[in-house]
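Fold and geometry: a report
Now for the letters of each chain:
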Amino acid sequence: MKSTTRYLSFEVPERMGFVNITPEVQEVVRESGVLEGLCLANAMHITASVFINDDEPGLHQDYKDWLEALAPHEPSRYRHNRTGEDNGDAHHKRQIMGREVVVAVTGGRLDFGPWEQIFYGEFDGRRRKRVLVKIVAEWRCSSTNAGCYVCIPQLAAADIAAAPHRRLQQVWVSRPGP
């Protein structure tokens, strides 16, 4: 199994806002070298979200209006705020918009449908928060019939570079059952 992990940081100056993070996530995919696999992006805070949709300003404003109608920022309305916080609404907005997305990686690129982009959604802004991006793929050696379950874990990165005759191929495969 090959994996790459990166943390992206964002600070949205408004209480609620959306940031298109597709270029940053695609850059992590590129840096990983993964050609076929999966990309996970998740918010690392309970008042933020990662979701997929169209990058259209009218849609973003519709989301803000809809979320505010569902969970208005009225601190006296939420029991959570009795702890001294004022962000009970942000927890509800995050729950509605979701925590993470998983996108297929095909040919070294995020494999989206038409108009799809990845967004960071902030519901209690004005402070720095993180998004985790993890790229995962299965590897096997194309020069063996046994696959990579035995040979790849035993090879260090230097061994792979020094042994081009092994011609490693990256493929997404299911592990054999027990």
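Remember, predicted model here, so these are calculated numbers, not experimental data.

**A short note on the environment of Ala41**
Here Ala41 is to be found in strand β3 (residues 36-43). Overall, the relative accessible area of 0% leaves Ala41 in the buried class. Remark: the alpha-carbon pair of Ala41 and Tyr7, spanning 34 residues in sequence, is separated by 9.5 Å. Ignoring anything within four residues of it in the chain, the contact list for Ala41 reads Val50, Arg99, Glu100, Val101, Val131, Leu132 and Val133.

**Some remarks on the environment of Tyr7**
Structurally, the position occupied by Tyr7 is in strand β1 (residues 2-11). Accessibility expressed as a relative area gives 46% for Tyr7, which makes it partly exposed. As for Tyr7 and Val133, which are separated by 126 residues in sequence, their C-alpha atoms are 6.2 Å apart. Residues within four places of Tyr7 in sequence aside, it is in contact with Met44, Arg130, Val131 and Leu132.

**With respect to the side chain of Thr4**
Topologically, Thr4 is positioned in strand β1. The contact partners of Thr4, leaving out residues within four places of it in the chain, are Val28, Ser32, Val133, Lys134 and Ile135.

Conventions adopted
- One numbering rule holds for all chains: residues counted from 1, following each sequence as written.
- Given that the model is predicted, a residue must reach a pLDDT of at least 70 before its local features are reported, and side-chain atom pairs must reach 80 or more before they are shown or counted; all residues, however, enter totals for whole chains, interfaces and linings.
- No hydrogens and no water enter the side-chain calculation; it runs on all heavy atoms of the structure.
- Each helix corresponds to a stretch of at least 4 residues labelled H or I by DSSP, and each strand to a stretch of at least 2 residues labelled E; elements are numbered beginning at the N terminus.
- For the exposure calls, accessible area comes from a 1.4 Å probe over protein chains only, and a residue counts as buried if that area is under 20% of its type's maximum, exposed if over 50%, partly exposed in between.
- Here, residues are in contact when the closest pair of their heavy atoms is within 4.5 Å.

Remember that the coordinates give geometry; whether it matters functionally is a separate question.
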